[in-house]
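This is what each chain is made of:
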Amino acid sequence: MITVSHEATAVVSKKKLAADPSTADFSVRIQGKIVKGFVVRRGDRYFAYQNVCQHLPVTLDLNDNSFFNHDKSLLQCQMHGALYEMETGLCVGGPCEGARLRALPLKEQKDQLIVSFPDEVIAEEVFDE
Ligand code: FES
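Residues numbered from 1 in each chain as written. Predicted model: local features only at pLDDT ≥ 70, side-chain atom pairs only at ≥ 80, totals over all residues.

(A) Layout of the overall build of the protein chain. Helix and strand counts for the protein chain come out as 1 helix and 11 strands. Taken from the N to the C terminus, the helices and strands of the protein chain come in the order β-β-β-β-β-β-β-β-β-β-α-β. What you see for the protein chain is a C-alpha radius of gyration of 13 Å, in line with the 14 Å of a compact globule of 129 residues. Based on the C-alpha atoms only, the size of the protein chain along its principal axes is roughly 35 × 30 × 20 Å. When contacts within the protein chain are restricted to residue pairs at least 6 apart in sequence, long-range pairs at least 24 apart make up 47% of them. (Helix = DSSP H or I, 4+ residues; strand = E, 2+ residues; numbered from the N terminus. Rg over C-alpha atoms; globule rule 2.2 N^0.38 Å. Contact = placed C-beta atoms within 7 Å.)

(B) The environment of P21, seen in detail. With respect to the secondary-structure elements, P21 resides in the loop between β2 (9-13) and β3 (22-30). The exposure class assigned to P21 is partly exposed, which follows from the 17 C-beta atoms found within 10 Å. P21 sits 51 residues away from K72 along the chain, and the two C-alpha atoms are 7.2 Å apart. Not counting the four nearest positions on each side in its chain, P21 is found in contact with V40, R41, R42, K72 and M86. (Buried ≥ 20, exposed ≤ 12 C-beta atoms within 10 Å, placed from the backbone.)

(C) Main features of the nonpolar core. If you look at the biggest cluster of nonpolar residues, it comprises 28 residues, and the most contacted ones within it are V12, F38, V39, V40 and V115. Those residues in contact with V115 that sit more than four places away from it in its chain are T9, A10, V12, G37, V39, A48, L104 and L106. (Core = buried A, V, L, I, M, F, W, Y, C linked by C-beta atoms within 7 Å.)

(D) Highlighting the sheet that holds strand β8 (residues 91-93). An order of β6-β7-β8 is seen for the 3 strands of this open sheet, with the pairing classed as antiparallel. In this open sheet, the two edge strands, each paired with only one partner strand, are β6 (75-76) and β8. Pairing of β6 with strand β7 (residues 83-84), which is carried by 2 bridges, proceeds in the antiparallel orientation. Pairing of L75 across the sheet is with Y84, part of β7. (Pairing = 2+ DSSP bridges.)

(E) Broad picture of the confidence of the model for the protein chain. When the pLDDT values of the protein chain are averaged, the result is 91; 92% of them are 70 or greater. In this model, residues 2-6 is a region of pLDDT below 50 whose contacts with residues beyond four sequence positions or in other chains number 10 contacts. (pLDDT = per-residue confidence, 0-100.)

(F) Representation of the pairing of strand β10 (residues 112-116) in the model. Of the two faces of β10, the one lined by L113 and V115 is fully buried and the one lined by Q112, I114 and S116 carries no buried residue. In terms of strand pairing, β2 meets β10 through 5 bridges, oriented antiparallel. Looking at β10, one finds that V11 is bridged to I114. In this structure, the hairpin formed by strand β9 (residues 106-109) and β10 is closed by a connection of 2 residues, where K110 is found at a positive phi of approximately 50 degrees.

(G) Just the environment of A82, in detail. You can see A82 is positioned in the loop between β6 and β7. Among the residues examined, A82 registers 24 C-beta atoms within 10 Å and is labelled buried. Separated by 62 residues in the primary sequence, A82 and D20 place their C-alpha atoms 21 Å from one another. Filtering out sequence-adjacent residues up to four positions away, A82 remains in contact with C53, Q54, H55, C77, C91, G93, G94, P95 and C96.

Okay, structure coming up:
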């Protein structure tokens, strides 16, 4: 689950995303807050999001890296079933339809993905230490 972190970034190995589609969750401690996120792979593309449902402030996977609906066509919150598009983070079904997961900037570097956390994400984070 956890990967290397420093400053306001997390590094996720692409090896954790060998399956298509697949996800890798992570959490990092920044400025006294636990910032949770995940990367989702679809095809040869990768997307990173803050791991907070737009319905209630809980993690989508309830902390066990289970982010998909039954046929792995969408991301699904495990609490009440909100469905989100992998590529956009848009909620397309469930109690927060029309809302969007917060995307995190992601850079590819050889076999690693570097996810960064904008200041507003850190300020808003809901998981205190
Ligand atoms: S908390 Fe995610 S759908 Fe309700």
